[in-house]
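A look at the structure
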Amino acid sequence: NGAGKTTTSGKLALRLKRDGRKPLLVACDLYRPAAVEQLATLASEIGVPVFRPDPGEKNVVKVAKKALAWAEAQGGNVIIFDTAGRQEIDQALVKELQKLCDFLKPKETLLVADAATGQQAVSVASHFHEAVGVTGIVLTKLDGDARGGAALSMRAVTGRPIKFVGEGEKLEQLDAFVPSRMAERILGMGDVVGLVEKAAEAFDEEEATKMAKRMQKATFDFNDFLAQMKMMQKMGPLDGILGMLPGAGKIKGLADAVDERKLKRVEAIVLSMTPKERSRPELLNGKRRLRIARGSGNSITQVNQFLKQFGQMRKLMKSKGKMKKLMAQMGGPDMGMKF
């Protein structure tokens with residue numbers, strides 16, 4: 001319970017859909033309150049058909065039989081069964097899952113485990129593998145402090161691979177497991193390759209190129225700023241992105257500096273501007289700033305502070321010399337940038 005099986009079912013369905021498959025979801029957790037509704041909500045968000053059991057049904061094999069008949073009419077080619085779980089080994093549940101596996105003969109039986117659970121997860125992995133023959137492991141909640149050390153033990157006791165890792169609550173945040181990256185994470189070395197891949201998925205190359213040119217000419221306006229923020233948000237929570245940077249965990253106070261609420265506040269300020277104000281920052285006089293403060297739920301001081309920082313950023317972008325000087329102060333070269 002609580003490892004994220006239902007959410008993982010939705011994430012996996014979305015991943016398969018994006019790979020060109022036609023997934024179907026089947027709700028087979030007949031014990032946890034609202035489990036069926038949770039899966040149905042996720043299915044609706046990603047546009048995937050879902051089978052719901054009859055109210056009060058407790059026979060999981062009977063549900064599976066009806067689901068297979070339903071699936072034939074849906075035209076899908078992958079069926080994901082979201083089953084019940086327990087924090088401790090429950091013999092009644094194990095027998096239920098054995099019956100379900102004997103009936104379905106699934107090609108994949110994935111064990112979903114919380115990365116922070118520790119040795120308890122190892123015990124669960126061992127028992128479930130012995131009972132139903134686990135074919136792979138999905139490690140969830142790697143966006144927190146857990147580094148995933150339990151992954152090594154679970155892999156050892158089951159002899160089965162870790163196939164996916166969940167690194168956030170968003171449905172897009174299910175990635176294929178890469179052993180070298182997990183090793184680096186456990187050692188606190190970050191995951192630069194993963195960070196680059198996330199950026200490649202989130203950023204539109206053509207749009208980013210246009211934005212870079214506007215930055216150099218200091219024509220970068222609030223529309224560009226808003227677009228940049230949306231691109232960053234597509235990469236997932238900023239604390240998760242920080243965790244991919246080598247040595248970031250050792251920098252005291254860095255995680256605290258990344259406050260999602262502050263970003264939301266800034267976004268509200270920009271969204272409270274008129275289209276003309278966003279494209280022409282110089283129009284923002286005292287009267288307009290007061291209106292923006294009221295519209296965004298911020299104080300006039302907060303609005304002025306943001307506008308000052310934005311103005312400084314535009315000046316810095318325009319100055320090639322200052323940018324190179326800034327890079328030098330940060331302890332590195334200009335990283336091959338040509339302005």
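Below or above, wherever it landed, is the structure these notes cover. (Residues numbered from 1 in each chain as written. Predicted model: local features only at pLDDT ≥ 70, side-chain atom pairs only at ≥ 80, totals over all residues. Heavy atoms only, no water.)

Taken together, the side chains of Leu68, Ile79 and Phe103 define a hydrophobic patch exposed on the protein surface, amounting to about 200 Å² of accessible area. Note that Ile79 resides in strand 3 (residues 78–83). Relative accessible area serves as the criterion here: at 33%, Ile79 is assigned to the partly exposed category. (Patch = residues over 30% accessible without salt bridge, like charges linked within 9 Å, V, L, I, M, F, W, Y side chains within 5 Å. Areas by Shrake-Rupley, 256 points an atom, 1.4 Å probe, with all protein chains shown as cover. Salt bridge = Lys/Arg side-chain N within 4 Å of Asp/Glu carboxyl O. Helix = DSSP H or I, 4+ residues; strand = E, 2+ residues; numbered from the N terminus. Buried < 20%, exposed > 50% of the residue type's maximum accessible area, 1.4 Å probe, protein only.)

Here the focus is the sheet that holds strand 4 (residues 110–114). Taken together, the 4 strands give an open sheet; going across it, the order is 4-5-6-7, and neighbouring strands pair in mixed fashion. With partners counted over all chains shown, the strands left at the sheet margins are strand 4 and strand 7 (174–176), one partner each. Between one strand and the next, the sheet's axes are offset by a mean angle of 25°, whatever the strand orientation. By the bridge criterion, 3 bridges tie strand 5 (residues 136–140) to strand 6 (residues 162–166) in an arrangement that is parallel. When the bridges of strand 6 are listed, Val138 appears paired with Phe164. Where helix 1 (residues 5–18) meets the sheet, its contacts fall on strand 4, strand 5, strand 6 and strand 7, and the angle it forms with strand 7 comes to roughly 65°. (Pairing = 2+ DSSP bridges. Axes fitted to C-alpha atoms, helices over the stretch in contact; angles between N-to-C directions. Contact = heavy atoms within 4.5 Å.)

The next thing to look at is the packing of aromatic side chains. By the definition in use, this model includes 4 aromatic pairs. Arranged with centres 6.3 Å apart and planes meeting at 45°, the rings of Phe306 and Phe310 form a pair that is tilted. Of this pair, Phe306 and Phe310 are both found in helix 16 (residues 300–318), 4 residues apart, which corresponds to roughly one turn of the helix. Here Phe306 falls in the buried class, since its relative accessible area comes to 6%. On the accessibility criterion, Phe310 (4% relative accessible area) is buried. An aromatic cluster is defined as three or more aromatic residues linked by ring pairs; in this entry it consists of Phe222, Phe306 and Phe310. (Phe/Tyr/Trp six-rings, centres within 6.5 Å; stacked < 30°, edge-to-face > 60°.)

Relative to the assigned elements, Gly75 resides in the loop between helix 3 (60–72) and strand 3. With a relative accessible area of 46%, Gly75 lands in the partly exposed category. Here the alpha-carbon distance between Gly75 and Pro23, two residues 52 residues apart in the chain, equals 9.2 Å.

What follows covers the pairing of strand 4. For strand 4, a buried count of 4 out of 5 residues is recorded, marking the element as mostly surrounded by other parts of the structure. Two strands pair when backbone bridges link them, and strand 4 and strand 5 are joined in this way by 5 bridges, in the parallel orientation. Bridge pairing links Leu111 to Ile137 in strand 5.

An ideal rise of 1.5 Å per residue puts 16 Å on 12 residues; helix 2 (residues 35–46) measures up with 17 Å between its terminal C-alpha atoms. Every buried residue belonging to helix 2 is among Ala35, Leu39, Ala40, Leu42, Ala43 and Ile46, and all of these are buried. The buried residues of helix 2 all sit within an arc of 165° when viewed along its axis, so they share a single face. Those residues of helix 2 that are exposed and angled more than 90 degrees off the buried face are Ser44 and Glu45. Close packing links the buried residues of helix 2 with helix 1, strand 1 (23–28), strand 2 (50–51) and strand 3. Trailing helix 2 by a residue or two, Gly47 shows a phi angle of about 70°, which is positive. (Expected span 1.5 Å × (residues − 1). Arc of directions from axis to C-beta.)

Sheet architecture is open: 3 strands sit in the order 2-1-3, paired in parallel fashion. Looking at strand neighbours, the two that pair on one side only are strand 2 and strand 3, the edges of this open sheet. Across 6 bridges, strand 1 lies against strand 3 in parallel orientation. Note on strand 3: the bridge partner recorded for Leu25 is Ile80. On top of the sheet, helix 2 reaches strand 1, strand 2 and strand 3; it is set at about 165° to strand 1, its chief contact. Most of the contacts of helix 3 go to strand 1, to which it runs at about 155°, and overall it touches strand 1, strand 2 and strand 3.

For the rest of this paragraph, the subject is the side chain of Ser272. Positionally, Ser272 belongs in the loop between helix 13 (260–271) and helix 14 (275–279). A residue is classified by how much of its surface remains accessible, and Ser272, at 18% relative accessible area, is buried. Excluding anything up to four places from it in sequence, Ser272 contacts Arg291, Ile292, Gly295 and Ser296.

Here the focus is the packing of helix 1 against helix 2. Remark: helix 1 packs on helix 2, axes separated minimally by 9 Å, with the N-to-C direction vectors making an angle of 25°. Judged on the interaxial angle alone, helix 2 and helix 1 are roughly parallel. Considering the relative orientation of helix 1 and helix 2, their crossing is right-handed. Here Thr6, Thr7, Ser9, Gly10, Ala13, Leu14 and Lys17 of helix 1 come into contact with helix 2, specifically with Ala35, Gln38, Leu39, Leu42 and Ile46. Here the residues of the contact of helix 1 with helix 2 sort into 6 nonpolar, 5 polar and 1 charged. (Parallel < 35°, antiparallel > 145°, perpendicular 65-115°, else oblique. Left-handed = near helix turned anticlockwise from the far one by under 90°. Nonpolar A, V, L, I, M, F, W, Y, C, P; charged D, E, K, R; others polar.)

Moving on: helix 3. Over its 13 residues, helix 3 extends 19 Å from the first C-alpha to the last, a length consistent with the 18 Å expected when each residue adds 1.5 Å. Taken together, the buried positions of helix 3 are occupied by Val60, Val61, Val63, Ala64, Ala67, Trp70 and Ala71. Check the buried side of helix 3 and you find it contacts strand 1, strand 2, strand 3 and helix 4 (91–104). One side-chain oxygen of the residue at the start of helix 3 lies 3.1 Å from the amide nitrogen of Val61, identifying that residue as Asn59. (Polar contact = N/O pair within 3.5 Å; in protein donor to acceptor, adjacent residues only side chain to side chain.)

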